[in-house]
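Letter by letter, the chains look like this.
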Amino acid sequence: MQAWDGFSAGRWMHDVDVRDFIQKNHSPYEDDSSFLTSATERTKNLWSHCRELLQKERASGGVLAVDTSRPMHITSHEPGYIDRELEIIYGLQTDEPLKRGINIYGGLRTTMKAAESYGCEIPSEMAEFFRLHRPTHNDGVFAVYTPEMKLARKVGIITGLPDSYGRGRIIGDYRRLALYGSNFLIRHKISDLDRLPEEMNPASIQHREEIHKQIDALKATVKMAHSYGFDISKPAVDSREAVQWLYFGYLAAVKEQNGAAMSLGRVSTFLDIYLERDINRGLLDEAMAQELIDQLVIKLRLVRHLRTPEYNELFAGDPNWITESLGGMASDGRTLVSKTSFRFLNTLRNLGPSPEPNMTILWSSHLPAPFLEFCAQLSIETCALQYENDDLMREYYGDDYAIACCVSAMRLGHETQLFGARCNLAKLLLYAINGGRDEMTGQQVGVEMPVYNAEFLDYDEVMRRLDIQMEWISRLYVNTMNVIHFMHDRYAYEGSQMALHNSYLHYYMAFGIAGLSVTADSLSAIRYGRVKPIVDASGLVTSYETRGEFPFFGNDDDRVDLIAADLIKKFNFHLQRHPTYRNAQHTLSILTITSNVMYGKHTGDTPDGRKCGEALAPGANPVHGREKLGAISGLNSLAKLPYSYARDGISLTFSIVPESLGRSDSERISNLLSLFSGYFGQDAHHMNVNVLDPETLIKAMNEPEKYADLTIRVSGYAVHFTRLSRELQEEIIARTFYRKI
């Protein structure tokens, strides 16, 4: 009880209920940022040492060191430190900073390939053991994949599937470890086991085994923490322990898994309760409070996974999507902004801009004005923030949800997600025209039907054909996802993350589509212009002659904007016709990460005039250069896309040159906030914000050593621009940077 001394009592003291603890104890903060402090000398010295290591990592081609001696798991490595005398928050994934471990349980072949790409080798006896005695997630998936699934994956109609690495998008409620300690959580898990039904059917057997794995993971996390000299079996008694316990929970997750998105959750207001209690007791001052957050963020910035070149082509910039959700409103009308919300954001100044953690502002029209102004100012300074509509999401998820990866919301500890990349909708449209044959390879992939043979494309006939191909791809997509997630649970289960969830969960299965704006523009061309298909010698339509005027998505024109909205509804409808593993709820995202370039390479000419191999637009963005009427018109088009049919998120990357927002800082802040208000007020979902001139990116591309810290939002996440390939840099420069509002 000493750990909870001074906290207001509530249900949280008897049941695992972090939300109730926050509601009973948090202190809404509605003033400005004037209380913030710069980094302490200790933290500056620690970060200076880290910057030297990061420079060495860049000079080494992006990977500093790899440990192939043992598979990584929660207790695989001895304690690691950056500089023990300077650190106040301890813990690294391996025994040295920036040394990457190997996570074989996702896939042996993938791990071997990743190691080889950086001049390392998996010991032969280890590889032989996994081949003979320990199947991996990847082994299970490809043993079950049908030829149809493999072909769809190969031609690029469905790609980015988590079939050879950790699936990610699962957010452990890391706050639970700080509030309760492991003993309390283990007791509750044992109680859950005792209450499970006695009938031994496949579902109940699996459930029992998984809870045992969760308990084992909690025990392993205790052992890991003990190696650093801490006893996390008990609740944290002060601020430093609260930050440290929470980080140990997260560290166990990133040691055990190399998921595509390892989000932190929504921790700032929770930690603020501890920080403010210690400040009020005279145990902490503001500089010390900021130091705890600065050093936690340093640790998050050093998270690393070993990945293949193919992975990096899909998800460029070596991201981890360590998303921290800040702000938002409580259901009772109080703001969830705290001083620690500001402290997290202040790390962008104290430590400099960075993609990690992926700072996500839960925007609401009711947030305190000083907080919104501070966020807008940081967006202009750093391009490191994204915004998501809390007023919209709170209706679905309550007031204790967080964002996984980029744009995917779920209630912390109560819900989780089975993630699964995306379908290339633009390519599917070409399948509709070509009778299911792939325009790049000529193979029969989709539903077989005659190649379109009229002189001009008819909108109603193309839509009829597209609907048939949507039904086919939806069935295949759902079945493929069912295979992947069954096998991941079997061979690479996330014990540490799932231990920080309730034992009974609501599951989402997250699907996605790429190429929405290209597809909408192509259908607009067919409906409002005249599109003549050009057939090659093999009988395939491989190019188009497009005549007449037609509207492009991104100009606030209902004729095309509503086509885009209808495509989302249709695809969602088809997905829901097919049952999912764990009876998960189907959700859909309009999100491409940086794979919009790779998708373009797999897609032939499209009826809108785009040529074979050209990049698709990122996320839900209009196609590069087609927004002709300014920022507001572009935002209005995006706001028409229905979140209720795309609850896995609708990603917009918004870039504007500083002068377009105004001449002074105050004018730019005011205008940016006005854009937010108008956009989110229409129930729009998401916005990345870049305020910079493309000429800066050109300079960074040509002189990368001078712009090592240049951070830019790309598609739901941020990257260091200089870590992208030249091809991706050029694609980003080619995007629309608004020069008028």
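Everything quoted here is computed from the prediction, not taken from an experiment. (Residues numbered from 1 in each chain as written. Predicted model: local features only at pLDDT ≥ 70, side-chain atom pairs only at ≥ 80, totals over all residues. Heavy atoms only, no water.)

## Thoughts on helix H10 (residues 268-280)
Part 1: Its 13 residues place the ends of H10 18 Å apart at the C-alpha level, agreeing with the 18 Å of an ideal helix rising 1.5 Å per residue.
Part 2: Burial analysis of H10 places 11 of its 13 residues in the buried class, the great majority of the element.
Part 3: Buried within H10 we find Ser-268, Thr-269, Phe-270, Leu-271, Asp-272, Ile-273, Tyr-274, Leu-275, Glu-276, Arg-277 and Asp-278.
Part 4: Where the residues of H10 are buried, they touch helix H1 (18-25), helix H7 (175-195), helix H9 (239-256), helix H11 (286-301), strand E4 (323-327) and helix H13 (339-350).
Part 5: Gly-282, located one to two residues past H10, shows a positive phi value of around 80 degrees. (Helix = DSSP H or I, 4+ residues; strand = E, 2+ residues; numbered from the N terminus. Expected span 1.5 Å × (residues − 1). Buried < 20%, exposed > 50% of the residue type's maximum accessible area, 1.4 Å probe, protein only. Contact = heavy atoms within 4.5 Å.)

## Re the pattern of salt bridges
Pairs can form between side chains of opposite charge once their charged atoms are near each other.
Part 1: According to the stated counting rule, one finds 61 salt bridges in the structure shown.
Part 2: Between Arg-70 and Asp-95 there is a salt bridge, with its nearest N and O atoms 3.9 Å apart. With Arg-70 in strand E1 (residues 65-71) and Asp-95 in the loop between E1 and strand E2 (99-102), this pair connects stretches of sequence that are 25 residues apart.
Part 3: For the salt bridge of Lys-213 with Glu-209, the shortest nitrogen-to-oxygen distance reads 4.0 Å. (Salt bridge = Lys/Arg side-chain N within 4 Å of Asp/Glu carboxyl O.)

## Section: the environment of Tyr-250
Part 1: Here Tyr-250 shows up in helix H9.
Part 2: Separated by 395 residues in sequence, Tyr-250 and Tyr-645 place their C-alpha atoms 32 Å apart.
Part 3: Every residue in contact with Tyr-250, bar those within four places of it in the chain, is listed here: Tyr-174, Met-262, Ser-263, Leu-264, Leu-300, Val-303 and Ile-322.

## Notes on the packing of aromatic side chains
Part 1: Throughout the structure, instances matching the rule amount to 42 aromatic pairs.
Part 2: Each ring, one from Phe-7 and one from Tyr-274, has its centre 5.3 Å from the other, and the planes form 80 degrees; the classification is edge-to-face. Linking Phe-7 in the segment before H1 with Tyr-274 in helix H10, this pair joins segments that are 267 residues apart in sequence. Both residues of the pair, Phe-7 and Tyr-274, count as buried. (Phe/Tyr/Trp six-rings, centres within 6.5 Å; stacked < 30°, edge-to-face > 60°.)

## Concerning unusual backbone geometry
Most peptide bonds adopt trans geometry, and most residues besides glycine take a negative phi value.
Part 1: Cis geometry marks the peptide bond from Glu-356 to Pro-357, where omega comes out at -10 degrees.
Part 2: Along the polypeptide, Pro-357 turns up in the loop between H13 and strand E5 (358-363).
Part 3: A positive phi angle is found at Cys-383, which is not glycine, with a value near 55 degrees.
Part 4: Relative to the helices and strands, Cys-383 resides in the loop between helix H14 (369-382) and strand E6 (386-389).
Part 5: For Cys-383, a relative accessible area of 5% puts it in the buried group.

## As for the packing of H10 against H11
Part 1: One way to put it is that H10 packs onto H11 with a least axis distance of 10 Å and a crossing angle of 150 degrees. In terms of orientation, H10 and H11 fall into the roughly antiparallel class. Pair H10 / H11 crosses with right-handed handedness. Contacts between H10 and H11 involve Leu-271, Leu-275 and Ile-279 from the former and Glu-286, Ala-289, Leu-292, Ile-293 and Leu-296 from the latter. (Axes fitted to C-alpha atoms, helices over the stretch in contact; angles between N-to-C directions. Parallel < 35°, antiparallel > 145°, perpendicular 65-115°, else oblique. Left-handed = near helix turned anticlockwise from the far one by under 90°.)

## Here we look at the side chain of Ser-408
Part 1: Looking at the element boundaries, Ser-408 is found in strand E8 (residues 408-411).
Part 2: Within the structure, the side chain of Ser-408 is placed 3.1 Å from the side chain of Arg-169, a separation counted as a polar contact.
Part 3: Of note is the side chain of Ser-408, whose polar atom sits 2.7 Å from the side chain of Asp-648.
Part 4: Those residues in contact with Ser-408 that sit more than four places away from it in its chain are Arg-169, Ala-402, Ile-403, Gln-417 and Asp-648. (Polar contact = N/O pair within 3.5 Å; in protein donor to acceptor, adjacent residues only side chain to side chain.)

## Let's talk about a negative patch on the surface
Part 1: The grouping of Glu-30, Asp-31, Asp-32 and Glu-373 at the surface amounts to a negative patch.
Part 2: Tracing the chain through its elements places Asp-32 in the loop between H1 and helix H2 (41-59).
Part 3: Under the relative-accessibility criterion, Asp-32 is labelled partly exposed at 39%. (Patch = residues over 30% accessible without salt bridge, like charges linked within 9 Å, V, L, I, M, F, W, Y side chains within 5 Å. Areas by Shrake-Rupley, 256 points an atom, 1.4 Å probe, with all protein chains shown as cover. Lys, Arg positive; Asp, Glu negative; His and termini not counted. Charge placed at Lys NZ, Arg CZ, Asp CG, Glu CD.)

## Describing the state of the cysteines
Part 1: Taken as a whole and judged by the stated rule, the model has zero disulfides.
Part 2: Here Cys-375 is not disulfide-linked; the sulfur of Cys-383 is the nearest cysteine sulfur, at 14 Å.
Part 3: Judged by its relative accessible area of 0%, Cys-375 falls in the buried class.
Part 4: Its sulfur unpaired, Cys-423 is 18 Å from the next cysteine sulfur, which belongs to Cys-612. (Disulfide = S-S within 2.5 Å.)

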